[in-house]
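Listed below are the residues making up each chain.
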Amino acid sequence: MNERLRTVMSQRGLSVQALAEACAVDPKTVERWLSKSRVPHRRYRWVAANLLGSDETYLWPAIVDQQQHRRKIEAMSELVRLYPNRAAMSLQAWRTLIDESTEAIDVLVYSGTFFSQMPNISRALEARSRVGVRIRICFGDPDCDAVVRRDEEEGLEGTLSSKIRAARTYFRSIVSTEGCEVRLHQTTLYNSIFRFDDNLLANPHVWGHPASMNPLLHFRRVDPMAAGLFDHYCDSFEAVWASAVPWVPKAGRIQDAAN
């Protein structure tokens, strides 16, 4: 028996007949809500909760479990494909994601050398920006402690900073393009993130191994109203982006805006 619903109805002086009329259902249906704890359809829950001045999750707590279950299923369905390593995804697949983007392209890396060296990458991004796509690229600050530590962990012998400086030169031209921005971050990077509209690729960093050797997870947003894995990684990007500083080429050479 749904004691919560019965109690609130009693407190509000609302009869079974009155609630049935308000919801446009048979009184026997309301009796089943009460005696058998049946969970009504969403539109009936809204009408009843509004009429009773109560929250639907209080009147029917079972819907919380249903919502959590639905979110778990949606989160699982967001995973489109798991690649054993980043190189397993073809260059053409990357270019298709870039060329078909209509809203946003976000990139979070330390050096992202493979992405920077895609043929005509700056032209491709400039082309997307001209049709209204927002472009945000976030490199590691080559002089920060996090980059030095990652260099040591991967045994790169001091070359990671140079890779970052070299990689960002490929984007020198897009910095002055409207809708494009390049920043430098100083965070410990646990995943490289590549977002193309509702598609997101997360490249986890495994200690001691370069990003290219680590798995690549392709997620696609299922429901913009449900906070799934896609949004989980997007939130991570936004947090790093907010703390990063703009990078701008100056006086014919690359300089950090912070310097």
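See the structure shown above.
Residues numbered from 1 in each chain as written. Predicted model: local features only at pLDDT ≥ 70, side-chain atom pairs only at ≥ 80, totals over all residues. Heavy atoms only, no water.

**Some words on the overall build of the chain**
Note the following rule: Put simply, DSSP marks the helices as runs of H or I at least four residues long and the strands as runs of E at least two long, and each gets a number from the N terminus on. The cut-offs for exposure are 20% and 50% of the maximum accessible area for each residue type, with area from a 1.4 Å probe on protein chains only; residues under the lower value are buried, those over the upper are exposed, and the others partly exposed. With residues, only the protein chains shown are counted as cover, and all accessible areas are computed by Shrake-Rupley using a 1.4 Å probe.
For the chain, the helix and strand inventory stands at 12 helices and 9 strands. The buried share of the chain, taken over its 259 residues, is 45%. When the accessible surface of the chain is summed, it comes to about 13,800 Å², and 51% of that surface belongs to carbon and sulfur atoms.

**Description of the environment of Glu126**
We count it as follows: Throughout, a contact is declared for two residues whenever any of their heavy atoms are within 4.5 Å. Polar contacts here mean pairs of N or O atoms no more than 3.5 Å apart (in protein, one a potential hydrogen donor and the other a potential acceptor; neighbouring residues in sequence count only if both atoms are side-chain atoms).
Positionally, Glu126 belongs in helix 9 (residues 121-130). Along the primary structure Glu126 and Ser173 are separated by 47 residues, whereas in three dimensions their C-alpha atoms are 8.7 Å apart. Not counting chain neighbours up to four residues away, the residues in contact with Glu126 comprise Ser173, Ile174 and Thr177. Looking at Glu126, its side chain comes within polar contact range of the side chain of Ser173, at 2.9 Å.

**As for the packing of helix 10 (residues 145-153) against helix 11 (residues 160-168)**
Going by this rule: Throughout, an axis means a line fitted to C-alpha atoms (over the contacting stretch in the case of helices), and angles, computed between N-to-C directions, take values from 0 to 180 degrees. Under this scheme an angle from 65 to 115 degrees is roughly perpendicular, one under 35 degrees roughly parallel, and one over 145 degrees roughly antiparallel; angles in between are oblique. Here the nonpolar group is Ala, Val, Leu, Ile, Met, Phe, Trp, Tyr, Cys and Pro; Asp, Glu, Lys and Arg are the charged ones; every other residue, Gly included, is treated as polar.
Orientation of helix 10 relative to helix 11, taken along the N-to-C sense of each, is 120 degrees, at an axis distance of 9 Å. Classed by the angle they form, the pair helix 10 and helix 11 counts as oblique. Along the contact surface, helix 10 presents Val147, Arg150 and Asp151, while helix 11 presents Leu160, Ser161 and Ile164. Tallied by class, residues from the contact of helix 10 with helix 11 come to 3 nonpolar, 1 polar and 2 charged.

**Focus on the packing of helix 2 (residues 16-23) against helix 4 (residues 42-52)**
To keep things clear, this is the line we draw: The handedness criterion is simple: a crossing whose near helix is rotated anticlockwise from the far helix by less than a right angle is left-handed, and one whose near helix is rotated clockwise is right-handed.
The contact between helix 2 and helix 4 brings their axes to 9 Å, and the two run at 130 degrees. Classified by the angle their axes make, helix 2 and helix 4 are oblique. In this structure, the crossing between helix 2 and helix 4 has a hand that is right-handed. Each of Leu19, Ala22 and Cys23 in helix 2 lies in contact with helix 4, whose residues at this interface are Tyr44, Val47, Ala48 and Leu51.

**Structural notes on the pairing of strand 5 (residues 191-196)**
Put simply, the rule reads: Only when DSSP finds a minimum of two bridges between them are two strands counted as paired.
Of all 6 residues that make up strand 5, 6 are buried, and the element is covered over most of its length. Taking every second residue as pointing to the same face, both faces of strand 5 are buried, with Asn191, Ile193 and Arg195 on one and Ser192, Phe194 and Phe196 on the other. Direction of pairing for strand 2 (residues 104-108) relative to strand 5: antiparallel, over a ladder of 4 bridges. Paired with Leu108 across the strands is Ile193, a residue of strand 5. In the sheet, strand 5 pairs with strand 6 (residues 199-204) via 6 bridges, with the strands oriented antiparallel.

**A few points about the environment of Met9**
Here Met9 shows up in helix 1 (residues 3-12). The spacing of Met9 and Ala48 is 39 residues in sequence and 9.6 Å in space, taken between C-alpha atoms. Residue contacts for Met9: discarding those within four places in its chain leaves Leu14, Ser15, Val16, Leu19, Leu34 and Leu52.

**Considering the packing of aromatic side chains**
Rules: Two aromatic rings from Phe, Tyr or Trp, using only the six-membered ring of Trp, form a pair when their centres are within 6.5 Å; if the ring planes differ by under 30 degrees the pair is stacked, by over 60 it is edge-to-face, and anything between is tilted. Working rule: Lys NZ or Arg CZ, within 6 Å of ring centre, within 35 degrees of ring normal, means a charge sits over the ring.
This model, assessed by the stated rule, comprises 12 aromatic pairs. Considering the side-chain rings of Trp94 and Phe114, the 5.1 Å spacing of their centres and the 65 degrees angle between planes classify their relative orientation as edge-to-face. Taken together, the positions of Trp94 in helix 7 (residues 91-99) and Phe114 in helix 8 (residues 113-116) put the pair 20 residues apart, joining distant regions of the chain. Owing to a relative accessible area of 3%, Trp94 belongs among the buried residues under this scheme. With a relative accessible area of 22%, Phe114 lands in the partly exposed category. Between the aromatic rings of Trp94 and Phe196, the centroid separation amounts to 6.3 Å while the plane-to-plane angle is 75 degrees, which identifies the pairing as edge-to-face. Note that Trp94 is positioned in helix 7 and Phe196 in strand 5, a separation of 102 residues in sequence. Taken together, the aromatic side chains of Trp94, Phe114, Phe115, Phe139, Phe171, Phe194 and Phe196 make up a single cluster linked through ring pairs. Sitting over the ring of Trp241, Arg136 keeps its end group 5.4 Å from the ring centre.

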